[in-house]
Amino acid sequence: MPERAAVPPRTTSSRHVPIRLPLLALALLALVLHFTGALDRADDRLGDWLLAHHAQSRVPPDDIVVVAIDQKSLEEMIELAGSWPWPRSVHGELLDMLAPHAPRAVAFDLFFNEEDRFQALSDEAFSEIVAGQDNLFFASLRLFDGNLAPLSMLPASFGAEARPGANPDAKAVLLVPGILGEDSWRGGLVNFVADKDGIGRHTRLYDEIEGWRLHSLEANLATFIGTALPDRQRLRLHWYGEPPPTIAYSDLFNDLQQAEPVIAPTLAGKVVLIAATAPGLLDMRPTPISQQTPGVHIRTTGLANLRAGDWLSDWPARWPLLLVLVAGTALAFYRRASPLQSGLGLGVASLAVLAAAWFAFEANLYLPVGAALAMAWVGYGLLTVESQWLERRQREATVGIFGRFLDPRVVEGLVESGELDRERKPEAREITILFSDIRGFTTLSETRTPEQVVDLLNRYFSRQVEVIFRHGGTLDKFIGDAIMAFWNAPTQTEGHAAKAVEAALDMTLALDEFKRELAANGEGLGDFDVGIGLHTGPAVVGFLGSDTRMEYTAIGDTVNLGSRIEGTTKGVARVLVSGATKSACGADSRFNFIHRGQFKVKGREEPVELYEPVRNTDPSRAGGMP
């Protein structure tokens, strides 16, 4: 007889989502992206975005002022100074007029390395004015192509520092303010410090060359105004949301020529940086704030950070944070949280991480969180794919399992809604049990070959199972030539007793139709008939069995009594039901129940009252024996 395949036992893997493969893939991907620099770029991109927005809450100090050679100044100074570059005497005149107003320091973010062959007197005038002031600083530049010069030959004013063990023969290519006397070379390097992606996020306090330290312009300015330098080579800049206080060069120059200057007195005690900011003078640099940041803003930001001690310190949080985020997400999937739940959890965690990175700026900390968040979401995607694939497999398996017991047309919907779950534990509930057995099977077997018998029974079972499914029943098993089915499990079924009775009656009609078809084909079945017994009561239903073989079935006294009732049908009625089933049908107008008497059944001391159900639309069966 046909028999259901065994249901696989519940195992740990069925209760939890396997996560090893997605995590292994994520680990390999993270290593590849790490060594290709992609993770660094992710950290930088998100860090730049956060920093640029956080900078809006920061206001630059008002005592570091930029005197800008902007487009306005180039246009307004053309009558006095001509086209750019202006004669150096113009700068000398500005310094001479500004000195009485006592700025704390004046730094030129301009290069004075080459003599003006056409206006040598202008260079001399500028040099003389510079020599008479002791608070002036001039930019230098380290080059990597050109003639090497010994660092030991630099004048003391340059500030080159020979560290213990420094190479006395160390050389470098430097662009220095050569038109000035060597005593006026105070200043420092203004090299742009770019990361691998070309963005300037740091300032370098010094260049290290074979034990020699050449300090930057902002480092020397900080030392001059009394700020101690930290023991590090470079700083991550903590940007401001707006430019430093800025005065147009032409405005300051014109103001100084007035009998009573207005702008110049405001510069008393302040650090003044004179720099070219006009777009055509090509001192624009890409930074987290803008792709076109004037180079002098990098120096003013660095100087302000040094003085306030609020530069950003890197906190290497990438790998610990990535581990925490991925572990939390993986644990959620492992415990069978839905992708939506896991995604919401990761979303909340991501917002918390972004908030932490934001507020870390307040503590002058820089948290690189972009790579960790990106990889956590990649991990979420991989785990979601794995989870969905596993869920699909489990759904298909569940459909395959319950499709043997229930109408396959409705199983898919029940699985989708979660009403069917092969993980469900056995449970006690009221069911209506049906046993159907063939009468005359022995005679049938004697007149046909085994192959013919099997074919005949399969065709018969197919029709009967179709009826059971049509009425919402659950096929339990075939027991030889008998059928066991029940109602109200695995899903709750309203009016299950009445549905079972109607199914039993339709099973008899299906048998009659089957016999007529066979007779028409010359395959008479003789006294082939059926007996069906039904009982309603409590039972335990679920997957029961051993670790190697499990079946979805029902057990309990209700099942035993249902089988015994089926055994009493011979010579009495095709279908008999217990009093419990009759009562469960209530006042259902579709049936009448004919009392067939009390019957003694095995395992029961008291006799059982049995009834034959008949449809109200079948007057021929309203009164007696079949």
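Going by the structure above, here's the rest.
Small disclaimer: the values here were computed from a predicted structure and weren't measured.

S.K.: Can you help me understand the overall build of the protein chain in this one?
M.R.: Each helix and strand counted, the protein chain has 19 helices and 25 strands in total. Counting only residues that meet the buried cut, the protein chain has 50% of its 626 residues in that class. Intrachain contacts of the protein chain at a sequence separation of at least 6 include 77% that bridge at least 24 residues. Total accessible area on the protein chain is roughly 29,800 Å²; 55% of this is exposed by carbon and sulfur atoms.

S.K.: I would appreciate a short explanation of the pairing of strand S18 (residues 427-439) in the present structure.
M.R.: Across a regular strand the side chains alternate sides, sitting on one face of the sheet and then on the other. With ten of its 13 residues buried, S18 lies for the most part within the structure. Pairing geometry for S18 and strand S20 (residues 482-487), over five bridges, is antiparallel. Following the sheet pairing, Ser-436 is matched in S20 by Ile-483.

S.K.: When you look at a nonpolar patch on the surface in this model, what are you seeing that I'm missing?
M.R.: On the surface, a cluster of nonpolar side chains totalling about 570 Å² of accessible area is made up of Leu-21, Leu-24, Leu-28, Leu-31 and Phe-35. Note that Leu-28 resides in helix H2 (residues 20-36). Take Leu-28: its relative accessible area is 49%, and that puts it in the partly exposed class.

S.K.: Would you mind going over the side chain of Thr-293 with me for this structure?
M.R.: Along the chain, the position of Thr-293 falls in strand S15 (residues 293-294). Among residues more than four places away in sequence, those in contact with Thr-293 are Trp-239, Asp-283, Met-284, Arg-285 and Thr-287.

S.K.: Looking at this structure, how should I read the packing of helix H16 (residues 450-470) against helix H17 (residues 496-520)?
M.R.: Helix-helix packing is characterised by the crossing angle of the two axes and by the distance between the axes. Two elements in contact, H16 and H17, have axes whose closest approach is 9 Å; the angle formed by their N-to-C orientations is 145°. Judged by the sense of rotation from one axis to the other, the crossing of H16 with H17 is right-handed. The segment H16 lies against H17, with Leu-456, Arg-459, Tyr-460, Arg-463, Gln-464, Val-467, Ile-468 and Arg-470 engaging Ala-503, Asp-506, Met-507, Ala-510, Leu-511, Glu-513, Phe-514, Glu-517 and Leu-518. By residue class, the composition of the contact of H16 with H17 is ten nonpolar, one polar and six charged.

S.K.: How do you make sense of the environment of Thr-568 when you look at a structure like this?
M.R.: By the secondary structure assignment, Thr-568 is in the loop between helix H18 (557-567) and strand S23 (575-578). For Thr-568, a relative accessible area of 14% corresponds to the buried category. Between the C-alpha atoms of Thr-568 and Gly-531, which are 37 residues apart in sequence, the distance is 8.5 Å. Among residues more than four places away in sequence, those in contact with Thr-568 are Leu-576, Phe-599, Val-601 and Leu-610. Only 2.7 Å separates the side chain of Thr-568 from the backbone oxygen of Ile-565, close enough to count as a polar contact.

S.K.: What's the story with the pairing of strand S19 (residues 474-479) in this structure? I'm lost.
M.R.: One ladder, built from five bridges, connects S19 with S20; its direction is antiparallel. Residue Lys-477 lies in a different strand from S20, and its bridge partner there is Met-484. Hairpin connection of S19 to S20: two residues between the antiparallel strands, including Gly-480 at a positive phi of 65°.

S.K.: Would you mind going over the nonpolar core with me for this structure?
M.R.: In summary, soluble globular proteins display a tendency toward joint burial of nonpolar side chains. One finds Tyr-249 and Ile-274 to be the most contacted residues of the largest nonpolar core, which totals 45 residues. If you list the elements that add at least two residues to this core, you get strand S1 (64-69), helix H6 (88-98), strand S2 (105-109), helix H7 (120-131), strand S3 (136-143), strand S10 (212-215), helix H9 (249-256) and strand S13 (271-276). Here this core takes five residues from H6, the largest share from any one element. If near-sequence neighbours (up to four positions away) are discounted, Ile-274 is found in contact with Val-67, Ile-69, Leu-94, Val-106, Ala-107, Phe-108, Asp-109, Leu-110 and Tyr-249.

S.K.: What should I look at first to understand the sheet that holds strand S9 (residues 206-209) in this one?
M.R.: The strands making up a sheet associate through backbone hydrogen bonding, with each pair oriented either parallel or antiparallel. In spatial order, the strands read S5-S10-S9; together these three strands make up an open sheet with antiparallel pairing. Since the sheet does not close on itself, it has two edges, and those belong to strand S5 (161-162) and S9, each with one partner. Judged from the four bridges that link them, S9 and S10 form a sheet pairing that is antiparallel. What sits directly across from Glu-208, in S10, is Arg-213.

S.K.: Explain the environment of Tyr-366 here, please?
M.R.: Examined against the element boundaries, Tyr-366 turns out to sit in strand S17 (residues 365-366). Note: C-alpha distance between Tyr-366 and Leu-51 (315 residues apart in sequence) is 8.9 Å. Leave out the neighbours within four places in its chain, and Tyr-366 touches Asp-43, Asp-44, Gly-47, Arg-236, Leu-312, Ser-313, Asp-314, Trp-315 and Phe-361.

About the thresholds
- Residues numbered from 1 in each chain as written.
- Predicted model: local features only at pLDDT ≥ 70, side-chain atom pairs only at ≥ 80, totals over all residues.
- Heavy atoms only, no water.
- Helix = DSSP H or I, 4+ residues; strand = E, 2+ residues; numbered from the N terminus.
- Buried < 20%, exposed > 50% of the residue type's maximum accessible area, 1.4 Å probe, protein only.
- Contact = heavy atoms within 4.5 Å.
- Areas by Shrake-Rupley, 256 points an atom, 1.4 Å probe, with all protein chains shown as cover.
- Pairing = 2+ DSSP bridges.
- Patch = residues over 30% accessible without salt bridge, like charges linked within 9 Å, V, L, I, M, F, W, Y side chains within 5 Å.
- Salt bridge = Lys/Arg side-chain N within 4 Å of Asp/Glu carboxyl O.
- Axes fitted to C-alpha atoms, helices over the stretch in contact; angles between N-to-C directions.
- Left-handed = near helix turned anticlockwise from the far one by under 90°.
- Nonpolar A, V, L, I, M, F, W, Y, C, P; charged D, E, K, R; others polar.
- Polar contact = N/O pair within 3.5 Å; in protein donor to acceptor, adjacent residues only side chain to side chain.
- Core = buried A, V, L, I, M, F, W, Y, C linked by side-chain atoms within 4.5 Å.

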